[in-house]
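Descriptive structure summary
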Amino acid sequence: MVLVLRGLAGLILYALLATAPALVALLAGPAPADALAAASSGLAWVGLAIFALEFLLVTRIHMVTGPYGQDALLQFHREIALVGAACVAAHLVLVGWRGVPPRAFVDPFAMGTVAFGAGSLALWALGALLATSLARRLLRLSYEAWLLLHRWLGLALVVAAGLHAHALMASPTPLLKALVLGYGALVLLSLGWVRVWKPWSQARRPWVLVDNRAERGRARTLVLRPLGHAGLAFAPGQFCWLRTAGPWAREAHPVSMSCSAERAADAPLEFTIKALGDWSGTRVPGLAPGAHLWLDGPYGVFTPERHEGPGFVFIGGGVGVTPLASMVQTLLDRDDARPLLLVHAANAWEGLCLRERFEERARRHPNLRWVPVLESPPADWGGERGYVTAALLRRYLPPRHTSLQYFVCGPAPMMDAMERVLAELGVPADRVHTERYDMV
Amino acid sequence: MTHRLVRRVVLVLGALFVALVLLAAWLRAA
């Protein structure tokens, strides 16, 4: 309940922060020429505030991420940016309507003023941000290259747009000036938190790799031990940001713990990672025992500890099964007698990640039902095949299945399908919990 | 939070921002 209230309070605060500069500029600033000019500048202010706040949304500060979870916040970061871009587009249409030539938008030197030059640069940065984020795979941009571009383009966008706004304010009120400075400080503090404070605190808490083993489905499990510190406790289903190239390395990768959370804080931690890109495909398999790694976490609200119910249904696809593995093992290690159903989808029997763990657990614990679903099963396969559908789930769900809690993790198309299928089965939306990991 | 819920929140917030700004612009110019 407290979390719901905190979540709502966060949303209201966000709405206030996103609209405050626009409202102050419009209501307390100098009178605009007409309603169109006022709407144009107001929309531009909303766009600028949204882009400045984007930095805060990705800081991983627990106070900010706590009520929502990192993946919901990242989705919000991505989609509210489209709202910001729409505001900027409307601003462009309105200033074009008022006589600004289109070449002033594309050529930073066309008008010979700082205001227009900065505005044009901000537009280029915004265009590049949208193109690289919406079409990263189409542009064949690696995640690592995209991340680097994203950070610099984001900073270029707010600096240029801030300059544009500053140069256009003929006589800003002290309140508006203070607001602009405040948002600038917010961006700097967010960057300082992520780029300086976080790496510095992680550098003092290294982890050492004790095992790196191959798993089914082109995945590997890294086993880490804390080195000279107390380790960490986590809730099943949570994840950490992993750095392998040093605490100050630019790239960090979000990876779920795949071991039981029912353990001492200084016991080994396990992460299961599928070979999907440059880092997971080449760097991770090459890590030798003794290597040092750095963790930022744990994060995430995708955990049964936040959503109690009379039983749990876990639906996992591919390597998406790893957070679910942690949940299932933790509940069983706690001698939880509630019914657990794990629907585990994969391409082939040989590719069922962590298969042996589930087979062994299902043998020992009668309250766990493990249902592998194979897209391309072997000829003699007598189990479930194809995709996870409503009809398939109906075969395994108990009669009062709408009161259970559902945890879904897998590739994006599967997640979309599961949200539809569970709604079709009458499961209320607040009992369906999802974690998405392939957002760009 | 599910994907759809986040999308709804974004749509509601976006509509709210635009409505607020247009209202303020209209008030200011009136």
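Not measured: the values here are computed from a predicted model.

**Some details on the overall build of chain A**
Within chain A one finds 13 helices and 12 strands. Compactness check: chain A gives a C-alpha radius of gyration of 25 Å against a globular reference of 22 Å for 440 residues, within 12% of the reference. For chain A, the spread of C-alpha atoms along the principal axes amounts to about 75 × 50 × 45 Å. Looking at chain A as a whole, 38% of its 440 residues are labelled buried. Nonlocal contacts in chain A, meaning residues at least 24 apart in sequence, comprise 74% of its contacts between residues at least 6 apart.

**Focus on the overall build of chain B**
Secondary structure summary: chain B contains 1 helix and 0 strands in total. Expressed along its principal axes, the backbone C-alpha trace of chain B runs to roughly 40 × 10 × 5 Å. The buried share of chain B, taken over its 30 residues, is 37%.

**Considerations on the domain arrangement of chain A**
The domain boundaries assigned to chain A delineate domain 1 (2-201), domain 2 (206-299) and domain 3 (304-435). Its C-alpha centre places domain 1 of chain A at a distance of 40 Å from the equivalent point of domain 3 of chain A.

**Structural notes on the pairing of strand E8 (residues 340-346) of chain A**
Residue and element names in this part refer to chain A. Counting buried positions over the 7 residues of E8 gives 7, a clear majority of the element. Of the two faces of E8, both are covered, the one formed by Leu340, Leu342, His344 and Ala346 as well as the one formed by Leu341, Val343 and Ala345. Sheet topology note: the strand E7 (residues 312-317)/E8 ladder contains 6 bridges and is parallel. Paired with Val313 across the two strands is Leu341, which belongs to E8. Regarding the hand of the β-α-β motif, the stretch spanning E7, helix H10 (residues 321-333) and E8 is right-handed. As paired elements, E8 and strand E9 (residues 368-374) share 7 bridges and run parallel to each other. What sits directly across from Leu340, in E9, is Leu368.

**Overview of helix H2 (residues 35-57) of chain A**
Over its 23 residues, H2 of chain A runs 33 Å from end to end, which matches the ideal 33 Å to within 8%, given 1.5 Å per residue. The buried count for H2 of chain A comes to 19 of 23 residues, which makes it a mostly enclosed element.

**Some words on the sheet that holds strand E3 (residues 239-243) of chain A**
All names here are of chain A. The antiparallel open sheet is built from 6 strands, whose spatial order is E4-E3-E6-E1-E2-E5. With one partner strand each, in any of the chains shown, strand E4 (253-256) and strand E5 (269-274) form the two edges of the open sheet. Here the strands of the sheet are splayed against their neighbours by 40° on average, with no regard to which way each runs.

**A word on the interface of chain A and chain B**
Each partner contributes residues to the interface: chain A has 31 residues there, and chain B has 21 residues. Where the side of chain A that touches chain B is concerned, the elements lending two or more residues are helix H1 (2-28), H2, helix H4 (70-97), helix H13 (412-424) and strand E12 (432-435) of chain A. If one sorts the elements of the side of chain A that touches chain B by residue count, H1 of chain A sits on top with 8 residues. Here the side of chain A that touches chain B is composed, by residue class, of 22 nonpolar, 5 polar and 4 charged.

**Describing the packing of H2 of chain A against helix H8 (residues 174-203) of chain A**
All names here are of chain A. For the pair H2 and H8, the least separation of the axes is 8 Å and the interaxial angle reads 25°. Relative to H8, the element H2 lies roughly parallel. The crossing of H2 and H8 is left-handed. Listed contacts from H8 to Ala49, Ala52, Phe55 and Leu56 of H2 are Tyr183, Leu186, Val187, Ser190 and Leu191.

**Structural notes on helix H1 (residues 3-29) of chain B**
In this model, H1 of chain B (27 residues) spans 39 Å end to end at C-alpha, consistent with the 39 Å of a helix rising 1.5 Å per residue. Within the sequence span of H1 of chain B, burial applies to Val6, Val9, Leu13, Gly14, Phe17, Val21, Ala24, Ala25 and Arg28 of chain B. In this structure, the buried side of H1 of chain B is in contact with H1, H2 and H4 of chain A.

**Topic: the nonpolar core**
All names here are of chain A. With 115 residues, the main nonpolar core has Val46, Phe314 and Leu342 as its most contacted residues. Ranked by the residues each element gives to this core, the list is headed by H2, at 14 residues. If near-sequence neighbours (up to four positions away) are discounted, Leu342 is found in contact with Phe314, Leu324, Val328, Phe358, Leu368, Trp370 and Val371.

**A short note on the sheet that holds E9 of chain A**
Residue and element names in this part refer to chain A. Strand order in this open sheet of 6 strands is E10-E9-E8-E7-E11-E12, and the pairing throughout is parallel. If you trace the sheet from one side to the other, it starts and ends with strand E10 (384-385) and E12, each paired once. As defined by bridge partners, strand E11 (residues 405-409) adjoins E12 across 4 bridges and the pair is classed as parallel. When the bridges of E12 are listed, Tyr406 appears paired with Val432.

**Concerning the environment of Tyr406 of chain A**
Following the sequence through the fold, Tyr406 of chain A ends up in strand E11. Excluding residues that lie within four positions of it along the chain, Tyr406 of chain A makes contacts with Val313, Ile315, Leu422, Val427, Arg431, Val432 and His433 of chain A.

**Some words on the environment of Leu48 of chain A**
Residues and elements named next belong to chain A. Assignment of secondary structure puts Leu48 in helix H2. Classification of Leu48 as buried rests on a count of 26 C-beta atoms within 10 Å. As a C-alpha pair, Leu48 and Ala18 span 30 residues in sequence and 8.4 Å in three-dimensional space.

**Considerations on unusual backbone geometry**
Residues and elements named next belong to chain A. Here the amide bond leading from Gly297 into Pro298 is cis, since omega sits at 0°, within 30 degrees of zero. Here Asp335, not a glycine, exhibits a phi torsion of approximately 55°, which is positive. Of note in the backbone geometry, Leu354 takes a positive phi value of approximately 65° without being a glycine. Within the secondary structure layout, Leu354 lies in the loop between E8 and helix H11 (355-364). We classify Leu354 as buried; it has 24 C-beta atoms within 10 Å.

**Structural notes on the pairing of E12 of chain A**
Where burial is concerned, the two faces of E12 of chain A agree: the one with Val432 and Thr434 of chain A and the one with His433 and Glu435 of chain A are both buried. Tracing the backbone out of E11 of chain A, into H13 of chain A and back to the parallel element E12 of chain A gives a crossover that is right-handed.

Procedures and definitions
- Residues numbered from 1 in each chain as written.
- Chains lettered and ligands numbered in written order.
- Predicted model: local features only at pLDDT ≥ 70, side-chain atom pairs only at ≥ 80, totals over all residues.
- Helix = DSSP H or I, 4+ residues; strand = E, 2+ residues; numbered from the N terminus.
- Rg over C-alpha atoms; globule rule 2.2 N^0.38 Å.
- Buried ≥ 20, exposed ≤ 12 C-beta atoms within 10 Å, placed from the backbone.
- Contact = placed C-beta atoms within 7 Å.
- Domains from an automatic or database assignment.
- Pairing = 2+ DSSP bridges.
- Right-handed = clockwise from strand over helix to strand, strands pointing away.
- Expected span 1.5 Å × (residues − 1).
- Axes fitted to C-alpha atoms, helices over the stretch in contact; angles between N-to-C directions.
- Nonpolar A, V, L, I, M, F, W, Y, C, P; charged D, E, K, R; others polar.
- Parallel < 35°, antiparallel > 145°, perpendicular 65-115°, else oblique.
- Left-handed = near helix turned anticlockwise from the far one by under 90°.
- Core = buried A, V, L, I, M, F, W, Y, C linked by C-beta atoms within 7 Å.

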